[in-house]
Amino acid sequence: SYAPQSGQIIGVLSQMKEDFAKDLADAQAKEKKAAEEFKLLKAAKQEEIAAGRKLVAELDQEIAALQEKHAQAFKELEDTQAQLELDRTFLENLKKKCAV
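Colleague: With reference to specific residues and values, describe the overall build of the protein.
Modeller: Across its full length, the protein carries 1 helix and 0 strands. Over its C-alpha atoms the protein spans a radius of gyration of 43 Å, topping by over 25% the 13 Å that the globule rule assigns to 100 residues. Taking the principal axes of its C-alpha atoms as reference, the protein extends roughly 150 × 20 × 10 Å. The buried share among the 100 residues of the protein stands at 0%. Here the protein has roughly 9,600 Å² of accessible surface; of this, 62% comes from carbon and sulfur atoms. Of the charged side chains in the protein, 16 are positive and 19 negative, and the gap between their average positions amounts to 1 Å.

Structure (structure tokens):
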């Protein structure tokens, strides 16, 4: 006589469905956790980028100020050297006049 095996098949299929449902729930939980971690990491990196850009802007301003200060100091040096040459010439002329 024929004994139906459908009970075992349904049992196996039911077990497979439960396993798949559990695996799906685990995968979804992992994906959700990964998405949250990514969101936090992205926010942290965006803050780092913003801080880096702010630092670059500050350094650019500082460089510009230092370049201007350097240019002023160089001009002052040139003016001082020119004045020194005039003073030396004046001193030479004065020595010649006093020697006479």
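Colleague: Just give me the short version of a nonpolar patch on the surface, but keep the residues and values in it.
Modeller: A surface patch of nonpolar side chains, about 490 Å² in accessible area, is lined by Ile9, Val12, Leu13, Met16 and Phe20. Note that Met16 resides in helix α1 (residues 6–99).

Colleague: Give a description of the pattern of salt bridges that names residues and reports values.
Modeller: With the rule as written, the count across this model stands at 3 salt bridges. Of the charged contacts in the structure, one is a salt bridge between Lys22 and Asp26, with a shortest N-O distance of 3.2 Å. Note that Lys22 and Asp26 are positioned in helix α1 at a spacing of 4 residues, about one turn of the helix. Using a relative accessible area of 52% as the deciding quantity, one classes Lys22 as exposed. The class of Asp26 is partly exposed, set by a relative accessible area of 35%. Asp79 is the salt-bridge partner of Lys75, the closest N and O atoms lying 3.0 Å from each other. Here the residue Lys75 and the residue Asp79 both occupy positions in helix α1, the gap between them amounting to 4 residues, near one helical turn.

The rules behind each value
- Residues numbered from 1 in each chain as written.
- Predicted model: local features only at pLDDT ≥ 70, side-chain atom pairs only at ≥ 80, totals over all residues.
- Heavy atoms only, no water.
- Helix = DSSP H or I, 4+ residues; strand = E, 2+ residues; numbered from the N terminus.
- Rg over C-alpha atoms; globule rule 2.2 N^0.38 Å.
- Buried < 20%, exposed > 50% of the residue type's maximum accessible area, 1.4 Å probe, protein only.
- Areas by Shrake-Rupley, 256 points an atom, 1.4 Å probe, with all protein chains shown as cover.
- Lys, Arg positive; Asp, Glu negative; His and termini not counted.
- Charge placed at Lys NZ, Arg CZ, Asp CG, Glu CD.
- Patch = residues over 30% accessible without salt bridge, like charges linked within 9 Å, V, L, I, M, F, W, Y side chains within 5 Å.
- Salt bridge = Lys/Arg side-chain N within 4 Å of Asp/Glu carboxyl O.

Interpretation in functional terms is not warranted from these geometric data alone.
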